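Secondary and tertiary structure notes
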Amino acid sequence: LLRTVPQSAQIESMFPIFGLSRSLVEDHPNLRHTYRNLRQGLERKNKEAATAGKARLNPFEVGKFIMESLNEVLSRSASLSGDGNASITVVA
């Protein structure tokens, strides 16, 4: 039997996934496409802006849309979790 012990480790990248955890998505499959739906909503808003004569959404409008959407995701996560706490998963 050969065993090795790592001498060191370094995290190369890490990012948070707000409002979702693996167990929450398993319990509520409708959450599976949350971020895809958020992206599609942003694309729709951008298309509406272009139809209204603007070139695209400005950074403030994009930030506002993303913050409102993430607040909605976190609120939904907190209500579905059972303990009133929103999930945040960190993927490293």
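Okay, so let's go over this structure. (Residues numbered from 1 in each chain as written. Predicted model: local features only at pLDDT ≥ 70, side-chain atom pairs only at ≥ 80, totals over all residues. Heavy atoms only, no water.)

Describing two packed helices takes the angle between their axes plus the distance from one axis to the other. Where helix α2 (residues 34–51) contacts helix α3 (residues 59–81), the axes come no closer than 11 Å and their chain directions differ by 150 degrees. Taken together, α2 and α3 sit at an angle that is classed as roughly antiparallel. For α2 against α3, the interelement crossing comes out right-handed. Here T34, Y35, L38, G41, L42 and K45 of α2 come into contact with α3, specifically with V62, F65, S69, L70, V73 and R76. Residues that form the contact of α2 with α3 fall into these classes: seven nonpolar, three polar and two charged. (Axes fitted to C-alpha atoms, helices over the stretch in contact; angles between N-to-C directions. Helix = DSSP H or I, 4+ residues; strand = E, 2+ residues; numbered from the N terminus. Parallel < 35°, antiparallel > 145°, perpendicular 65-115°, else oblique. Left-handed = near helix turned anticlockwise from the far one by under 90°. Contact = heavy atoms within 4.5 Å. Nonpolar A, V, L, I, M, F, W, Y, C, P; charged D, E, K, R; others polar.)

The next thing to look at is the pattern of salt bridges. A full pass over the atoms with the stated rule returns four salt bridges. Two residues, E68 and K64, come together in a salt bridge whose shortest N-O distance is 4.0 Å. Here K64 and E68 lie together in helix α3, a separation of four residues that amounts to about one turn. Judged by its relative accessible area of 46%, K64 is partly exposed. (Salt bridge = Lys/Arg side-chain N within 4 Å of Asp/Glu carboxyl O. Buried < 20%, exposed > 50% of the residue type's maximum accessible area, 1.4 Å probe, protein only.)

Nothing here speaks to function; it is geometry throughout.
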